[in-house]
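Coordinates in review
One letter stands for each residue in the lines below.
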Amino acid sequence: MWKSGTLLLLSLLWVSAELQQETEPRRLPPPGKLDFGYVPAGVYETLAHYEPGPIGILFHLVHAFLHAVQPNAFPHDLIVKLAKDKFGAIQTEYQKPENIVLTLQAIYYEIGFLICAAVGLLFTILMPVVGLFFCMCRCCDNCGGEMHQRQRKNADCRRGLLGTLLFSTSLVITIGVLCAYAANQNLSSQVKNIRRLVNSNMRDLHTFANDTPMQIDYLISQYATAKNKVIYDLDNIGPLLGGRIHVRLDKEVHPALNQVLNMAGAMRETKEALENVSVSLVVLQEGAGKLHFNLSQVRNSINRTLDDPGCHDEESDATTAQLCRSIRQSLSQLQISANFTRLPDVNPQLEKMKNVMKTDLSSVVHRGFSSLNDTPHMVIEQTRSVVNSVQNLVDSIGKNISSFSKAFPVQTCLSNFTIFISHAHAKIEDYYPEIDKIDFYRWIGCIALCCMVVLVLAFNYLGLLCGTLGYDKHASPTTRGCISNTGGTLLMAGVGFSFIFSWMLMGLLTAIFLAGGNMEKLLCEPFHTKELFKVVDTPYLINPEWKNFIPGYMYNDSELELTSESLYSTCKQNKGIYSALRLDKVFNISSFLNTTVFTKDVVRQLESFRINLRGIILLEAEGKQNLRDFSEAGLSEINYADYLDEVNKGVTVVDVLSFAKELESQTDLMPRGPLQTALKGHVATLQRIHRQQIAPMEQAMKYVRARSALNQSMRFLERTASDLPNKVTDVLEAIEAAQHLISQNATLLINQETKRYSATIIGYFNQYIEWVKTSLALEVAPCKPFSNILDTAQIMTCSFLVDSMNTFWMGLGCSTLFLLPSIILAVKLAKYYRRMDTEDVYDDVETIPMKNMEIGNNGYHSESPQGIPNPMMTSVPTYDTVNRFPRASAPPRHIDW
């Protein structure tokens, strides 16, 4: 049956390692680590832990006593040697030195128990013998059997002390009996809990058997999680694989295309700058031409005016002549400064740029970007057949797993296991009435043992009660009352029963002590410290051919590291039976799934990816030629220095308005006449020219913008033309390098990303495999019920039976031992309670206490010292105390009172 159960569990674990395709697709988990959820786990209700409650204090006392009796460590080597020999050689060849050594080691280990057993055996043997002699001695009026008591001065003190000691001893005996009774009741009450513990363990086994298929189904169903994620990634291979390739390429390609795009922007700005130069130059040339013409006319008119004879007659008017010469000399300044008419136009360069701009380079670049961004779509198209193959393979894997898992008769094995549990439970149920019956008889027997001591206690307590209540301090030993006498009689009855019962109690308790103490030291304590498992796990102990018994019995491989301690500890932690029984050595799930199901076929399909990106054209030939035309547009032929010089010059050489004011002031110094009038007219003309032409050219927006546009455009063109051919060449070389990377050198990059993508796909299967391994080790078929069965057996054996049994013998044994002082004290105290037949008689009256003299019939014989008879004394008969009671023939001396 054990092997069939083992095969059942092994089959369950094999099946639990397999995967089955789920019919209903699960919701897709987020990217990254897969979420397989939690394996549904049943709740085991058995709490294999025992709290004894208040009686646990007694259990700890017993354990402490046993440790004092037996402080030696667990005899691992001794037990192993004895177990290997099976005690045969020691019994048949005990004279061999090695067997003698083993015997001595066993005696040394058991020395504490042997001493206690010897004491108990000695007690058992001597107690009835002593009782017999004591009885015979008392029958001969010895050993306190004589009904005579000598009077002593401290009689009351002795009686009180003996009574107190007997009462204290009886209390100790009572406590021992109560402890024994509590242990007896505890055992009976715990026996009733056996049914609950057994039923709980059986329900846990049913839970184990019922939940394992559900857990297996859950493991199988979670294959759909990995499968759906794989299919999801395969369906999105464009964004995932193609997107990664695009990102890697974009780091190299995007800067080159950006340079071309920047160059396209520079073309547009260059054309706009040339247009601005052309328009601004026309405006400025027109204004400068008119101003030059008007200033030339005014200058010529002033020269003709200065040709007047009045300007040359220095004799008649030297001042006028001097002023005319000064005016003539200053006329050379009356001309324009910025002569834009001499600047060549930029129409040739503008025409070339217009021809260049006929090609939309930005569109060409954007087509290159579009071609690069189309990488995911190209990957989808080029990997479509491989993706379909992998998807079909994933589907076929599910079908293969489903068919493989059906090869195991799971339901049959589970049904057989459940039937076995039910049958075992029914067998155990049949034993309950017998257990109850045995426990009842045991309870009756223990109560009977306790009643033996209780009977003695009853006599002691009743004797003390009657003796104390019936005591009369005025009564002599021969005149004690009935109650007091009854108390003494009860005490002696207790002594008799003590002799009758104590040796039987000690014999039984010694046997129980040897059994219970050794069970505690050799079974219960080693179980808690796991020393017992080390004995069981000793190599070649159970079978000389097996190093480890469990794997040798189950798998025929005794070298496998599977011990009872590891099995118990693993199940104690509620881990899966797969890891507890080391089934991975018999059927390795990881190796099976990796080499047979997943990695091999999937990797082979994923490695067949072939991606070619030569269809990506970053910059068409039209765009390249457009860049070359731009570099040959003639921007370097423009004389930028002349343009910038003219732009930076003023409108006229001299301030015309100041010149007019100076001319007017000089004219005012001339005498009135035609010359002065003509010059004043020229002043008015200059002021009008300044107002109508110069001021607008300096302040009007038309001319200001034209000059500003011309200045900025020329500076921009100068910067653009600076090393333009080399810049274009660099851009073309960057494009060529990027195109070469895509067309020729992208294989390595594609292979790297393909491996990453394949690793991601395989990683989903590996996550599932690792989850299955972890679940099998920790969550599937947790074997806590099996460790609970062992713990329950330990609780019933050690906590219920052994601890209660040890507490019983400890309590009752202490009571039995204290019967010895109880006997002694009871015998001595009974003398002070019982009515004596005779008492001491004194001849010396002087020695008789007055209170005794006052009592007429006190039994004392005395005569008058003068020889005169005492009428009261003579009424008392005279006894021959010398012959009958030689110990009372002489009165006590005063020193003895």
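What this report covers is the structure whose coordinates are included nearby. Quick caveat, the model's predicted, so the values are computed rather than measured.

Considerations on the pattern of salt bridges
- In this structure the tally under the stated criterion is 13 salt bridges.
- Among the salt bridges present, the one from E429 reaches R195, with a minimum N-O distance of 3.2 Å. Residue E429 is found in helix α15 (residues 410-469), and its partner R195 is found in helix α7 (residues 155-221); the two are separated by 234 residues along the sequence.
- A salt bridge links E753 to R756; the nearest nitrogen and oxygen atoms lie 3.6 Å apart. You can see E753 and its partner R756 sitting in helix α29 (residues 746-778), 3 residues apart, about one turn around the helix.
- The buried category is assigned to E753, whose relative accessible area is 1%.
- In this structure R756 comes out as partly exposed when scored by relative accessible area, which is 48%.

Things to note about the packing of helix α23 (residues 621-631) against helix α28 (residues 724-743)
- Between α23 and α28, the least distance of the axes is 9 Å, while the angle of their chain directions is 165 degrees. As the angle between them shows, α23 and α28 are arranged roughly antiparallel. In the crossing of α23 with α28, the sense of the turn from one axis to the other is left-handed. Two secondary-structure elements touch here, α23 through K624, L627, R628, F630 and S631 and α28 through L724, P725, V728, V731, L732, I735 and E736.
- When grouped by side-chain class, the residues that make up the contact of α23 with α28 number 8 nonpolar, 1 polar and 3 charged.

Describing the environment of L679
- Tracing the sequence through the fold places L679 in helix α26 (residues 674-699).
- When neighbours within four sequence positions are excluded, L679 is seen to be in contact with I302, T305, L306, I327, L663, T667 and M670.

Points about the environment of T667
- In this fold, T667 is placed in helix α25 (residues 656-668).
- Remark: the alpha-carbon pair of T667 and V683, spanning 16 residues in sequence, is separated by 9.2 Å.

Considerations on unusual backbone geometry
- Positive phi values are uncommon outside glycine, yet K530 reaches one of about 65 degrees.
- Along the chain, K530 turns up in the loop between α16 (482-529) and α17 (531-536).
- Given a relative accessible area of 27%, K530 falls into the partly exposed group.

A look at the packing of helix α2 (residues 56-69) against helix α30 (residues 784-817)
- As a packed pair, α2 and α30 sit with axes 9 Å apart at the nearest point and diverge in direction by 75 degrees. In terms of orientation, α2 and α30 fall into the roughly perpendicular class. Residues L58, F59, L61, V62, H63, F65 and L66 of α2 form the contact with α30, whose own contacting residues are S799, D803, S804, N806, T807, W809 and M810.
- Looking at the contact of α2 with α30 residue by residue, the class counts come to 8 nonpolar, 5 polar and 1 charged.

Observations concerning the packing of aromatic side chains
- One pass over the full model with this rule turns up 21 aromatic pairs.
- Between W546 and F549, the aromatic rings sit 5.7 Å apart at their centres with planes inclined by 50 degrees, giving tilted as the arrangement.
- Given a relative accessible area of 34%, F549 falls into the partly exposed group.

Comments concerning the environment of I231
- Mapped onto the elements, I231 comes out in helix α8 (residues 223-235).
- Along the primary structure I231 and V387 are separated by 156 residues, whereas in three dimensions their C-alpha atoms are 8.9 Å apart.
- Apart from the residues within four sequence positions on either side, I231 is in contact with Q391 and D395.

Criteria and thresholds
- Residues numbered from 1 in each chain as written.
- Predicted model: local features only at pLDDT ≥ 70, side-chain atom pairs only at ≥ 80, totals over all residues.
- Heavy atoms only, no water.
- Salt bridge = Lys/Arg side-chain N within 4 Å of Asp/Glu carboxyl O.
- Helix = DSSP H or I, 4+ residues; strand = E, 2+ residues; numbered from the N terminus.
- Buried < 20%, exposed > 50% of the residue type's maximum accessible area, 1.4 Å probe, protein only.
- Axes fitted to C-alpha atoms, helices over the stretch in contact; angles between N-to-C directions.
- Parallel < 35°, antiparallel > 145°, perpendicular 65-115°, else oblique.
- Left-handed = near helix turned anticlockwise from the far one by under 90°.
- Contact = heavy atoms within 4.5 Å.
- Nonpolar A, V, L, I, M, F, W, Y, C, P; charged D, E, K, R; others polar.
- Phe/Tyr/Trp six-rings, centres within 6.5 Å; stacked < 30°, edge-to-face > 60°.

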